[in-house]
Amino acid sequence: MTLEQRFDPDALVALACEQADSDDFGEPGWRPGLERVADGLINEARLSPIGVEIAHLDLLRALANRLGVIAWRKEHPEIAAKPITSPIFIVGQPRTGTTILYDLLAQDPDLRAPLTWEVDAPCPVPQPETYHTDPRIAQAQASIEMSEQIIPGFLKFHPMGALVGQECVRITASEFTSMIFSVQYRLPSYYRWLLYDADHTGAYCFHRIFLQHLQSGVPGQWLLKSPAHLWQLDKLIAEYPDALIVQTHRDPLNVISSIAALTHHLRRMGSDESNIAECAAQSYEEIVVGLERGMAWRDSAVVPADRMIDVQFADFMQNPWTTIGGIYRKLGRELRPETEQKMRDFLAAHPGDGGRGRYTWSDTGLDAGEVRERVRAYQERYGVPTEELR
């Protein structure tokens, strides 16, 4: 079977409908994104044979999950009436401590993070009594461990687990308006469309539908995370006007070299032809656009200042408990001793290694002086210290 046949949108849709025993995808805005991703996988991604299989499964999962969630919602229309109240979103550039901050805050039993296993397989709706024993957990963990076998060292670069919080890009993948595709695969046409031309309204609408689906089984105040929100804060707030936003800050140059290395690592899972300098050029363009958009949006005063919390990466790395205590005070929440102990236990079990030589600026092929000038306004605006380049 040719690439064109494997990634033909009509064939993918037909197969997903057959697997899900449904043909109702809800609102139709997802189709252009699917067509662009599929075209990029055929013509630009340089997929290896195993990459073809991985990408095919990724698209089928996104389609099948959408079908399943929409079908469940039709069978249980009361789900749509339940609000999403004061969700907390962790945003900021990638590689700025968002993941470990997310994982630590998720130890709070009063907060509800969407776990990897339920995001990957949301139907039937997860239930409280089997939330930590559901057989889908083992299936998700096996899939994660398979990625480590394909690319040894991957999980040190980007820790994952079936029972930890998953990023929102995995949810919006089912709208096919998601950075998950343009990081995991070489899709230059798609990432520029996503960055400059795509309407992300539908992605946030489906995001709400997905959260309503999950909370109909296991409720709670949502704790959510994705650096991708930085590029679309206006759409996020349009969908969630009462959202609380925690924005992390770090020297963008080390961010660019780190995310370029991670992107290169991810793409090697599905391609034998990834190029780290090409990954860095994409990251540079995206980071500059994201920072400039974020500053302009905050200048617009759409959201009251007391709903925005800024976190410096350097401060968080030096003393996470001072940072987390400050976040709780600004959120008006009590950090109970038993909750803090759970966080401390998690950090002790997941200490990280500080990146240990996995990325260097010299790999990017970028001019440090030029990039520094482009991000100077951002650093001055938020008092972000300049780091020594790795």
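Residues numbered from 1 in each chain as written. Predicted model: local features only at pLDDT ≥ 70, side-chain atom pairs only at ≥ 80, totals over all residues. Heavy atoms only, no water.

You'll find the chain entered in an unreviewed UniProt entry as Sulfotransferase, with Mycobacterium sherrisii given as the organism.

### A look at the side chain of His200
Take His200: it is sitting in the loop between helix 11 (188-197) and helix 12 (201-215). Judged by its relative accessible area of 8%, His200 is buried. In this structure the side chain of His200 is engaged in a polar contact, spanning 3.0 Å, whose partner is the backbone oxygen of Leu194. Among the polar contacts listed, one links the side chain of His200 to the side chain of Gln232, at a separation of 3.2 Å. (Helix = DSSP H or I, 4+ residues; strand = E, 2+ residues; numbered from the N terminus. Buried < 20%, exposed > 50% of the residue type's maximum accessible area, 1.4 Å probe, protein only. Polar contact = N/O pair within 3.5 Å; in protein donor to acceptor, adjacent residues only side chain to side chain.)

### Quick word on unusual backbone geometry
Following Cys123, the chain continues to Pro124 via a peptide bond in cis, the omega torsion being 0°. With respect to the element layout, Pro124 can be found in the loop between helix 6 (116-120) and helix 7 (135-150). Although it is not a glycine, Arg95 sits at a positive phi angle of roughly 65°. Within the fold, Arg95 resides in the loop between strand 1 (88-92) and helix 5 (98-105).

### So, the sheet that holds strand 2 (residues 111-112)
Spatially, 5 strands are ordered 2-3-1-4-5 in an open sheet, and the strand pairing comes out parallel. Lying at the two open borders of the sheet, with one neighbouring strand each, are strand 2 and strand 5 (308-312). By the bridge criterion, 2 bridges tie strand 2 to strand 3 (residues 221-225) in an arrangement that is parallel. Among the inter-strand pairings, Leu111 is bridged to a residue of strand 3, identified as Gln221. Seen against the sheet, helix 12 touches strand 1, strand 2 and strand 3 and runs at an angle of roughly 130° to strand 3. (Pairing = 2+ DSSP bridges. Contact = heavy atoms within 4.5 Å. Axes fitted to C-alpha atoms, helices over the stretch in contact; angles between N-to-C directions.)

### A closer look at the packing of aromatic side chains
Each aromatic ring pair is specified by the distance between its two centres and by the angle formed by the two planes. In total, this model carries 9 aromatic pairs according to the counting rule given. Judged by centre distance (5.8 Å) and plane angle (10°), the rings of Phe176 and Phe181 are stacked. For Phe181, a relative accessible area of 4% gives the class buried. (Phe/Tyr/Trp six-rings, centres within 6.5 Å; stacked < 30°, edge-to-face > 60°.)

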